[in-house]
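Summary of structural features
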Amino acid sequence: MPDRQLTSLTIRRPDDWHLHLRDGAMLQAVLPETARHFARAIIMPNLVPPVVTSAQAVTYRARIMDALPQGADFTPLMTLYLTETTDPEDVRAAHAAGIATAVKLYPAGATTNSASGVTDFEKVRGVLEVMAEIGMPLCVHGEVTDHDIDIFDREAMFIDRVLKPLRKKVPDLKIVMEHVTTQDAVDYVRDSNKNLAATITTHHLIINRNHILAGGIKPHFYCLPVAKREAHRVALVQAAISGDKRFFLGTDSAPHTDPAKLQACGCAGIFTAPTTMSCLAEVFDAAGRMRKIESFASLNGPEFYKLPANTSTITLTKGEPVQYPSHIQTADGPVTVFDPGFDLHWRVEE
Ligand code: NCD
Ligand code: ZN
């Protein structure tokens, strides 16, 4: 049957290769939204203070497990936040003990809670060399932070100024260029022959910069890296639906309360966890490539991380528009759920 005629599709249970769960009351409120559909997720370490050491990753993981709803089958894959004082031997031990799956590189100041990130890449070379040796991936927030670089150019600039030199210096390091937003990044990943992959978020497959800025400013569409022009969004969709193993889902679901987003200097981050699978299905279906959703959401990520794909499955079915809440309530305040601006016809059967 051609993909366009599908009204039901069973796929291996998906994983989310880039997720913000936060802590405390927020963690409690948002974790069930991910655990409902996803088997595993790479957990971002940008808490305050950040998750830098293996000891911190152990306690954060325990808080996540405590917050899991009864009966949920979900495995958090922890990351360590790379700083200029990260101890290579702590990273080695965390990987060997199964405590940390990856290390996260934030250029200092690039995004929410990234003040302890890296400024001088020579200072982290020792850690990167150990990671290359043990096959531990580096997840990279790929934006330069220089104030004189236009925010729409920061990702493309990062490739030339940071990523290319870094990959020359440590060629055996496995790198995930996270939440790519540009044709430039898609091309760069496609042109590489090994050790490089990219995650693509739900929202970057759906919105471009007009959604944020035309007809009034829409803070709920503001995230980092900021959405680019339409041609870039189209390039991301092409990469996602292609089945190319180097591209996989990292939702970057990043909850902030409405008061934190709706202010003169609002936070970056879009909360997509509740409707991600329905949104993705809409994108893949519209492109006539529904069957490729499994490669993107369930197969390519595990392959890059050298983990088995999940054996359990989910079934997506197409029908009347799905009803979903505009907000979830947390003890810290309401969090707005991403609204793609069109009806969602695909639901996940539970
Ligand atoms: C993320 C957050 O809120 O932690 N925000 C975002 O816009 N994506 C940080 C990040 O991943 O850049
Ligand atoms: Zn993120």
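First, a word on scope: everything that follows refers to the structure included in this document. Just so you know, these numbers come straight off a predicted model, no measurement behind them. (Residues numbered from 1 in each chain as written. Chains lettered and ligands numbered in written order. Predicted model: local features only at pLDDT ≥ 70, side-chain atom pairs only at ≥ 80, totals over all residues. Heavy atoms only, no water.)

1. A word on the packing of helix 6 (residues 183–191) against helix 8 (residues 230–241)
Packing of helix 6 against helix 8 leaves a shortest axis separation of 8 Å and a crossing angle of 30 degrees. Residues Gln183, Asp184, Val186 and Arg190 of helix 6 form the contact with helix 8, whose participating residues are Ala231, His232, Ala235, Leu236, Gln238 and Ala239. A per-class count over the contact of helix 6 with helix 8 returns five nonpolar, three polar and two charged. (Axes fitted to C-alpha atoms, helices over the stretch in contact; angles between N-to-C directions. Helix = DSSP H or I, 4+ residues; strand = E, 2+ residues; numbered from the N terminus. Contact = heavy atoms within 4.5 Å. Nonpolar A, V, L, I, M, F, W, Y, C, P; charged D, E, K, R; others polar.)

2. Side note on the coordination of the zinc ion (ligand 2)
Bound to the zinc ion (ligand 2) on the protein side are His18 (NE2), His20 (NE2) and Asp252 (OD), at distances that span 2.0 Å. Taken together, the four donor atoms coordinating the zinc ion (ligand 2) and their angles of 92 to 138 degrees define a geometry best described as irregular. If you list the donors of the zinc ion (ligand 2) from N- to C-terminus, the spacing comes out as H-x1-H-x231-D. You can see His18 sitting in strand 2 (residues 15–19) and its partner Asp252 sitting in the loop between strand 9 (247–249) and helix 9 (258–261), a full 234 residues away along the chain. As far as the burial class goes, His18 and Asp252 line up, both buried. (Donors = N, O, S within 2.8 Å, 3.2 Å for Na, K, Ca; no water. Tetrahedral: all angles 85-135°; square planar, octahedral: opposite > 155°, others 65-115°. Buried < 20%, exposed > 50% of the residue type's maximum accessible area, 1.4 Å probe, protein only.)

3. Brief notes about the sheet that holds strand 1 (residues 8–12)
Strand order in this open sheet of three strands is 1-10-13, and the pairing throughout is antiparallel. Of all strands in the sheet, those with a lone pairing partner are strand 1 and strand 13 (346–349), marking the two edges. Averaged over all adjacent pairs, the angle separating strand axes in this sheet is 30 degrees, with direction ignored. Of the strand pairs in this sheet, strand 1 and strand 10 (residues 313–318) are connected by five bridges, and their pairing is antiparallel. Bridge pairing in strand 10 places Ser8 opposite Thr317. Running at roughly 130 degrees to strand 13, helix 10 (residues 276–286) makes contact with strand 1, strand 10 and strand 13 of the sheet. In the packing of helix 11 (residues 293–305) onto the sheet, contacts are made with strand 1 and strand 10, and the angle to strand 1 comes to roughly 25 degrees. (Pairing = 2+ DSSP bridges.)

4. Some words on the nonpolar core
Of all hydrophobic cores here, the largest spans 96 residues; its most connected members are Leu138, Leu205, Met277 and Ile293. Setting aside residues no more than four positions away along its own chain, Leu138 makes contact with Leu82, Val103, Leu105, Leu128, Met131, Leu166, Leu173, Lys174, Ile175 and Val176. Ranked by size, the runner-up nonpolar core spans 14 residues in total, among them Met44, Ala102, Cys139 and Tyr305. (Core = buried A, V, L, I, M, F, W, Y, C linked by side-chain atoms within 4.5 Å.)

5. A short note on the site of ligand 1
As a matter of local geometry, ligand 1 sits amid 15 residues, with Asn46, Thr111, Leu224, Asp252 and His256 nearest to it. At 2.8 Å, a side-chain N or O of Asn46 approaches an oxygen atom of ligand 1. Contact with the protein chains covers 100% of the free accessible surface of ligand 1, which is 320 Å². Given that more than half its atoms are within 2 Å of the pocket grid, ligand 1 belongs to the largest cavity. When its residues are assigned to classes, the shell around ligand 1 shows four nonpolar, nine polar and two charged. (Near = heavy atom within 4 Å. Polar contact = N/O pair within 3.5 Å; in protein donor to acceptor, adjacent residues only side chain to side chain. Areas by Shrake-Rupley, 256 points an atom, 1.4 Å probe, with all protein chains shown as cover. 1 Å grid on protein atoms, 1.4 Å probe; cavity = no way out; pocket = protein on both sides within 12 Å on 5 of 7 lines; lining within 4 Å. Sits in = over half its atoms within 2 Å of the grid points.)

6. What to know about the pairing of strand 13
Of the two faces of strand 13, the one holding Trp346 and Val348 is buried and the one holding Arg347 and Glu349 is not buried anywhere. Judged from the four bridges that link them, strand 10 and strand 13 form a sheet pairing that is antiparallel. Within the sheet, the bridge partner assigned to Lys318 lies in strand 13 and is Trp346.

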